[in-house]
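Residues per chain, in single letters:
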Amino acid sequence: MKTETKSEEEKLMTYREYDLKTYLFPLWEGEVVYNETLWFAGSRSASLMYDPTEIVCVMSYDLTTTFQEGVDYTVKGREIIIPENGKIPYLAPSEFYRASPINFFVKALRRGEDGQPDGYIYADEGSTISAQQVAVTYRHKDRIAWNLPKVETAKFPKTMAKLNGGEKIKVLFYGDSITVGANSSGHIGYEPHAESYANMVKSYMQKRFPSATIDFKNNAVGGTDSNWGINKTSGNAWIDSLEASEGDHFKKRVLNENPDLLFIAYGMNDQKYDATEYKQNIKEMIKGVRAKNPDVEIMLVSGMIANPETYFDNKDYEAYQNALLELSKDYENIGVATVYNSVKSVYTKKRFVDCTANNINHPNDYMMRVYAQTVLYSLFGADYIDHI
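Residues numbered from 1 in each chain as written. Predicted model: local features only at pLDDT ≥ 70, side-chain atom pairs only at ≥ 80, totals over all residues. Heavy atoms only, no water.

1. Describing the pattern of salt bridges
The line we're drawing: Salt bridge, as applied in this entry: a Lys or Arg side-chain nitrogen positioned within 4 Å of an Asp or Glu carboxyl oxygen. Secondary structure elements follow DSSP: runs of H or I no shorter than four residues count as helices, runs of E no shorter than two count as strands, and numbering proceeds from the N terminus. Relative accessibility thresholds used throughout: buried, under 20% of the residue-type maximum; exposed, over 50%; partly exposed, between the two (1.4 Å probe, protein chains only).
Throughout the structure, instances matching the rule amount to 16 salt bridges. The salt bridge partner of Lys-141 is Glu-31, with a shortest N-O separation of 3.2 Å. With Lys-141 in the loop between β10 (133–140) and α4 (157–164) and Glu-31 in the loop between α2 (20–24) and β2 (32–39), the pair connects residues that are 110 residues apart, well separated along the chain. Judged by relative accessible area, which is 59%, Lys-141 ranks as exposed. Residues Asp-313 and Arg-111 are paired through a salt bridge, measuring 3.5 Å at the closest nitrogen-oxygen approach. Linking Asp-313 in the loop between β14 (297–301) and α12 (317–330) with Arg-111 in strand β8 (residues 109–111), this pair joins segments that are 202 residues apart in sequence.

Shown next as structure tokens:
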């Protein structure tokens with residue numbers, strides 16, 4: 001496999017450190033993929049999304065160590081393969097599928113083929129998993145069939161007018177731990193300190209619209225579901241206990257903020273609710289915030305898929321997204337960022353383990369980029385990257 005010369009590398013975007021434009025460059029465009037992540041968990045081979053024509057660089061997740069082709073890895077088609085004596089971390093099947101969890105505070109039961117528990121899956125928060133992953137930058141010629149987001153710009157006329165006019169605008173994010181930032185490297189304090197998807201959206205808006213005064217706030221809370229979000233009892237004592245002393249969560253975290261642009265991103269923790277109940281909860285949020293401010297514009301964000309080998313993968317993600325799409329038709333000035341579709345496109349070529357930082361339900365930096373790119377495409381159009 002050919003590797004880059006110095007002159008060829010100089011033509012590339014910044015990739016040896018976190019760079020906003022590099023991380024927001026659409027994964028469905030161009031002929032270079034930057035810092036695509038792989039985790040050699042249970043296997044010494046892992047597949048890239050595209051068929052590489054040139055490997056530019058294989059680095060540790062924190063972008064501080066460069067690995068050598070022919071010594072630390074070889075390339076066969078889309079597969080990166082690591083030898084027994086290389087420097088790239090490898091997690092044996094006996095470690096990946098376990099009799100006990102590695103962290104008793106982060107237990108991930110493995111769902112067996114018969115639906116019954118079959119031991120545990122290697123899972124943890126923090127940088128435990130990220131430290132074992134690698135970031136691959138490579139050239140390619142092939143294309144895959146992406147289910148691209150829908151451009152929803154026309155549904156946000158007031159937002160666009162404020163941003164383009166250099167006015168003051170209040171932007172609010174509301175959702176669960178993924179919207180909080182888990183587990184982007186910036187959120188967990190690990191190199192390369194890449195931003196969460198919400199913060200990438202914030203940084204993009206600040207860079208594109210420097211004259212606008214953007215009052216950005218993230219009021220998402222980890223572990224919560226859409227029932228918690230609208231101040232209902234979830235039936236899960238642990239969820240109901242979260243921030244219980246604050247009283248009405250929706251009033252404090254959304255209504256009292258009076259946003260001009262509101263992002264609502266729930267679904268990952270809606271464990272026992274079908275799409276009907278989920279839709280009703282989101283509908284009540286829309287009606288509640290619109291009752292106070294009829295002019296608020298809202299972007300609904302669908303989500304990624306949890307680890308299919310765990311019991312977190314117990315919901316109809318597509319039905320949840322369809323519920324959001326139905327709501328966008330029922331109300332004016334509401335768009336949907338179809339992250340679920342983008343994630344499904346990624347999973348036609350890649351495994352869940354390559355895109356997660358806790359191996360249960362949290363994205364790593366690569367999947368955070370999928371979120372951010374989908375949201376920005378939906379809000380600002382297919383050419384969003386050309387404006388920063």
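2. Focus on the nonpolar core
Selection criterion: The criterion is simple. A nonpolar core is a set of buried Ala, Val, Leu, Ile, Met, Phe, Trp, Tyr and Cys residues joined through side-chain atoms within 4.5 Å. Contacts are residue-level and defined by heavy atoms, with any inter-residue pair within 4.5 Å sufficient.
Membership of the largest hydrophobic core comes to 83 residues, with the highest contact counts inside it found for Leu-24, Tyr-197, Phe-263, Val-301 and Phe-380. Looking at this core, the element that brings in the most residues is helix α14 (residues 365–380), giving 11 residues. In contact with Tyr-197, other than residues within four places in its own chain, are Phe-173, Ile-178, Thr-179, Ala-265, Val-301, Met-368, Tyr-371, Ala-372 and Val-375.

3. Things to note about the confidence of the model for the chain
In low-pLDDT segments, the atomic positions of the prediction should not be examined closely. Our working rule: For every residue, the predictor states its confidence as a pLDDT score lying anywhere from 0 to 100.
Here the chain averages 95 in pLDDT, while 97% of its residues score no lower than 70. Model confidence for the chain, summarised as mean pLDDT per element, is weakest for helix α1 (residues 6–9) at 56 and strongest for strand β13 (residues 261–265) at 99.

4. Some points on helix α11 (residues 275–292)
Selection criterion: Multiplying 1.5 Å by the helix residue count minus one yields the expected span of that helix. It is the directions from the helix axis to the C-beta atoms whose arc is reported. By the criterion applied in these results, polar contacts are pairs of N or O atoms within 3.5 Å in which, for protein atoms, one can donate a hydrogen and the other can accept it, and in which residues neighboring in sequence qualify only through two side-chain atoms.
With 18 residues, α11 should reach 26 Å at 1.5 Å per residue; the first-to-last C-alpha distance of 26 Å fits that figure. The set of residues buried in α11 consists of Tyr-278, Asn-281, Ile-282, Met-285, Ile-286, Val-289 and Arg-290. Down the axis, α11 shows its buried residues gathered within 165° of arc, on one side only. Opposite the buried face of α11, by more than 90 degrees, sit the exposed residues Thr-276 and Ala-291. Between the side-chain oxygen at the start of α11 and the backbone nitrogen of Thr-276 there is a gap of 3.1 Å, and the oxygen is on Asp-274.

5. Points about helix α13 (residues 339–347)
Burial analysis of α13 places 7 of its 9 residues in the buried class, which makes it a mostly covered element. Burial in α13 covers these residues: Val-339, Tyr-340, Asn-341, Ser-342, Val-343, Ser-345 and Val-346.

6. Observations regarding the pairing of strand β15 (residues 334–337)
Working note: regular strand, side chains alternate between the two faces of the sheet. To keep things clear, this is the line we draw: Handedness rule for crossovers: strands pointing away from the viewer, path from the first strand over the helix to the second running clockwise, crossover right-handed.
Of the two faces of β15, the one holding Ile-334 and Val-336 and the one holding Gly-335 and Ala-337 are both buried throughout. Handedness of the crossover joining β14 and β15 through α12 is recorded here as right-handed.

7. Focus: the environment of Ala-41
With respect to the secondary-structure elements, Ala-41 resides in the loop between β2 and β3 (45–47). In sequence terms Ala-41 and Ser-94 are 53 residues apart; their C-alpha atoms lie 10 Å from each other. With residues up to four places along the chain from it excluded, the contact list for Ala-41 reads Leu-91, Phe-96 and Arg-351.

8. Description of the packing of α11 against α12
We apply this condition: The axes used here are C-alpha line fits, helices contributing only the stretch in contact, and every angle between their N-to-C directions lies in the interval 0 to 180 degrees. The crossing is said to be left-handed when, going from far helix to near helix, the turn is anticlockwise and less than a right angle, and right-handed when the turn is clockwise. In the scheme used here, Gly and all other residues not listed as nonpolar or charged are polar, with Ala, Val, Leu, Ile, Met, Phe, Trp, Tyr, Cys and Pro taken as nonpolar and Asp, Glu, Lys and Arg as charged.
At their nearest, the axes of α11 and α12 sit 9 Å apart, and the two run at 40° to each other. Note on packing geometry: the crossing formed by α11 with α12 is right-handed. Counting all contacts with α11, which are made through Ala-275, Tyr-278, Lys-279, Ile-282, Lys-283 and Ile-286, the residues of α12 involved are Ala-319, Tyr-320, Ala-323, Leu-324, Glu-326, Leu-327 and Asp-330. Partitioned by chemical class, the residues of the contact of α11 with α12 number 9 nonpolar, no polar and 4 charged.

9. Digging into the state of the cysteines
Let me state the cut-off plainly: By definition, disulfides here are pairs of cysteine sulfur atoms that lie within 2.5 Å.
Overall, the coordinates contain 0 disulfides when judged by the stated rule. No disulfide involves Cys-355; its sulfur sits 19 Å from that of Cys-57, the nearest cysteine. Residue Cys-355 is classed as buried on the basis of its relative accessible area of 0%.

10. Notes on the packing of aromatic side chains
Keep this limit in mind: Between the rings of Phe, Tyr and Trp (Trp by its six-membered ring), a pair exists once the centres lie within 6.5 Å; its type follows the angle of the planes, with under 30 degrees stacked, over 60 edge-to-face, and the other angles tilted. Ring-over charges, as used throughout, are those where CZ of Arg or NZ of Lys falls within 6 Å of the ring centre and within 35 degrees of the ring normal.
Going through the model one piece at a time under the given rule, you end up with 19 aromatic pairs. Both rings, one in Tyr-15 and one in Tyr-34, keep their centres 6.3 Å apart while their planes meet at 40°; by these two values the pair is tilted. With Tyr-15 in the loop between α1 and α2 and Tyr-34 in strand β2, this residue pair connects regions lying 19 residues apart in the sequence. Across the pair, exposure class does not vary: Tyr-15 and Tyr-34 are buried alike. A cation over a ring is seen here: Arg-44 above Tyr-90, with NZ or CZ 3.9 Å from the ring centre. Above the ring of Tyr-23, the side-chain terminus of Arg-369 is found at 4.6 Å from the ring centroid.

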